[in-house]
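# Chains, contacts and geometry: an overview
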Amino acid sequence: MDISNNMLFGELSPNWGECQNLTKLQFSGNKITGRIPPEIGQLKQLGVLDLSSNHLVGEIPKEFGRLTFLFNLTLNDNQLSGQLPQEIGKLSNLEILDLLMNHLSGPIPPHIGDCSKLRYLNLSENVLNESIPFQVGSIPPSFEWMVSLQSVDFSYNALEGHLPRSKPFQKAPTEAFIKNKGLCGEVQGLRPCNASSISHGDARKGHKVVILIILRFSVLFLLFAIVSIISSIYYQRRRGIEKLVLERSKEIHFQYGIMMGLPHLKTFWRRQRVLMKSTALELEVTGKFTKQIYQQPR
């Protein structure tokens, strides 16, 4: 459906989400206001969505990530705000992404790099900031291997840092990167990215990275120390318990040995008593015999 360049006004109805067989929805060049209804994300067969040159506000619905057949997303010349949804990276068939002249802010999501068929990317005249992701518009893992991207425009934003060293960026005109915070790279008209010309923003980011690394290692060291202390306490207690068990075992064995030795002791004393009685009897007999000898007349 194409009803572009008319005098239509009002807001887009959520009921458009019920037109499941739509393959094209073009409302460009009208006076449509309000927000983009997220129900448009239900149009699974949609290939072209052109809402450019209207008065749309609000964020780009993250539900657009469901439009797997979409190859043309044109929303330029509106008043859209907020960050670019990372769900755009799910649009594997996307070839054209035009978001020129809006109020989009925040970083460029690296998930755009998953759009392997992307040929035209225009994000100019927004309020995008931070550095350009190394894999933006590329086939992971390296932007250097991008074969589809042909045209880029990041001008009039607040971007900084290195430009990717891919062919579309290197051959792009200087106008595609002007009026930013501090872009550098091997593009005519931009300063080179050498040590003496690194921006303060890059330096601050470097310091943040160093601090994050130090904090990470500090946390790991603290966890290691805690685990070591707990292990030491555990082994000390275990050794104490083993020593106590050993001493108790010896005590039990000793008591058991005494108990087992009682019958032998009884037999021993019984034999001693018998021997003493026998000896006493012998002494008594010997004494009587001696007495009789001395009593005989001589």
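Residues numbered from 1 in each chain as written. Predicted model: local features only at pLDDT ≥ 70, side-chain atom pairs only at ≥ 80, totals over all residues. Heavy atoms only, no water.

### As for the overall build of the protein
Using the following cut-off: Each helix is a run of H or I in the DSSP string that is no shorter than four residues. Each strand is a run of E no shorter than two, and both are numbered from the N terminus. The buried label goes to any residue with under 20% of its type's maximum accessible area, the exposed label to any with over 50%, and the partly exposed label to all in between, with areas taken from a 1.4 Å probe on protein chains only. Here, two residues are considered to be in contact whenever any of their heavy atoms come within 4.5 Å of each other. Reported accessibility uses the Shrake-Rupley method at a 1.4 Å probe radius. Residues are deemed covered only where the shown protein chains occlude them.
When helices and strands are counted, the protein shows two helices and 14 strands. Considering the protein as a whole, with its 298 residues, one finds that 35% of them fall into the buried category. Taking the intrachain contacts of the protein between residues at least 6 apart in sequence as the baseline, contacts between residues at least 24 apart amount to 47%. Of the accessible surface of the protein, which amounts to about 19,300 Å², a share of 60% is contributed by carbon and sulfur atoms.

### A few points about the environment of G182
Its place among the elements puts G182 in strand β14 (residues 182–184). Exposure remark for G182: the relative accessible area of 10% places this residue in the buried category. Once the C-alpha coordinates of G182 and L159 are considered, the two residues, 23 residues apart in sequence, prove to be 6.5 Å apart.

### What about the nonpolar core?
This is how it is decided: Throughout, nonpolar core names a set of buried Ala, Val, Leu, Ile, Met, Phe, Trp, Tyr and Cys residues whose side chains join them through atoms within 4.5 Å.
Ranked by size, the top nonpolar core spans 46 residues in total, and within it L25, L46, L49, F64, L75, F154 and F177 carry the most contacts. If we ignore the near neighbours within four places in the chain, the residues touching F64 are I36, I40, L49, L73, L75 and L91.

### Some remarks on the sheet that holds strand β1 (residues 9–11)
The condition that has to hold: Two strands are said to pair when DSSP picks up at least two bridges between them. Axis angles are defined between N-to-C directions and span 0 to 180 degrees, where every axis is a line fitted to C-alpha atoms and, for a helix, only to the segment in contact.
One open sheet holds the eight strands; their spatial order is β1-β3-β5-β7-β9-β11-β13-β14, and the pairing between them is parallel. Two strands close off the open sheet at either side, each with one partner strand: β1 and β14. Between one strand axis and the next, the sheet turns through 20° on average, direction left out of account. The pairing of strand β3 (residues 31–35) with strand β5 (residues 55–58) spans three bridges and is classified as parallel. When the bridges of β5 are listed, R35 appears paired with V57.

### Here's the deal with the pattern of salt bridges
Quick note on the threshold: We define a salt bridge as a side-chain nitrogen of Lys or Arg found within 4 Å of a carboxyl oxygen belonging to Asp or Glu.
Within this structure, the stated rule accounts for one salt bridge. Between R119 and E95 there is a salt bridge, with its nearest N and O atoms 3.2 Å apart. Within this pair, whereas R119 is found in the loop between β9 (103–106) and β10 (120–122), its partner E95 is found in the loop between β7 (79–82) and β8 (96–98), the two being separated by 24 residues in sequence.

### Quick word on the side chain of D153
Formally: Positive: Lys, Arg. Negative: Asp, Glu. His and the chain ends are not part of the count.
Relative to the helices and strands, D153 resides in strand β12 (residues 151–153). As a buried residue without a salt bridge, D153 has its nearest oppositely charged side chain in K179, at a separation of 13 Å. Once you skip the residues sitting within four places of it in the chain, D153 turns out to touch L121, N122, L123, S124, E175 and A176.

### A word on the sheet that holds β10
In space, the six strands of this open sheet follow the order β2-β4-β6-β8-β10-β12, with parallel pairing throughout. Edge positions in the sheet fall to β2 (24–26) and β12, since each of these pairs with one other strand and no more. Going across the sheet, the axis of each strand differs from the next one's by a mean of 10°, ignoring polarity. Sheet analysis places β8 next to β10, joined by three bridges and oriented parallel. By the bridge assignment for β10, L97 is matched with L121.

### Examining the confidence of the model for the protein
Inclusion rule: Per residue, pLDDT captures the predictor's confidence, and it can take any value from 0 to 100.
When pLDDT is averaged along the protein, the result is 78; 69% of the residues meet or exceed 70. With pLDDT under 50 throughout, residues 135–142 is counted as low confidence; its partners more than four residues away or in other chains account for 29 contacts.

### Overview of the pairing of β3
Sheet analysis places β1 next to β3, joined by three bridges and oriented parallel. Across the sheet, F9 pairs through a bridge with K31, a residue of β3.

### Details of a nonpolar patch on the surface
Counted only if it meets this: The patches reported here contain residues having more than 30% relative accessible area and no salt bridge. Joining distances are 9 Å for like charges and 5 Å for nonpolar side chains (Val, Leu, Ile, Met, Phe, Trp, Tyr).
Taken together, the side chains of I213, F217, V219, L220, L222, L223, I226 and I230 make up a nonpolar region of the molecular surface, amounting to roughly 780 Å² of accessible area. Along the polypeptide, L222 turns up in helix α2 (residues 200–295).

### Considerations on unusual backbone geometry
Within the chain, S53 stands out as a residue other than glycine whose phi angle is a positive 55°. With a phi angle near 60°, D77 is a residue other than glycine that sits in the positive phi range. Its location among the elements puts D77 in the loop between β6 (72–74) and β7.

### Details of the pairing of strand β11 (residues 127–130)
In terms of strand pairing, β9 meets β11 through two bridges, oriented parallel. Bridge pairing in β11 places S105 opposite V127. Both β11 and strand β13 (residues 158–162) contribute to a ladder of two bridges, which runs parallel. Directly across from N129, in β13, lies its bridge partner A158.

### Considerations on the packing of aromatic side chains
This is how the line gets drawn: Centres within 6.5 Å are what make two rings of Phe, Tyr or Trp a pair, Trp counting through its six-membered ring; a difference in plane orientation under 30 degrees is then read as stacked, over 60 as edge-to-face, and the rest as tilted.
Under the defined criterion, the tally for this structure stands at three aromatic pairs. Here W16 and F27 contribute two aromatic rings whose centre-to-centre distance is 5.3 Å and whose plane-to-plane angle is 75°, an arrangement assigned as edge-to-face. On the criterion of sequence distance, the pair formed by W16 in the loop between β1 and β2 and F27 in the loop between β2 and β3 is long-range, its members being 11 residues apart. Their ring planes at 15° and their centres at 5.9 Å tell us that F169 and F177 sit as a pair that is stacked.

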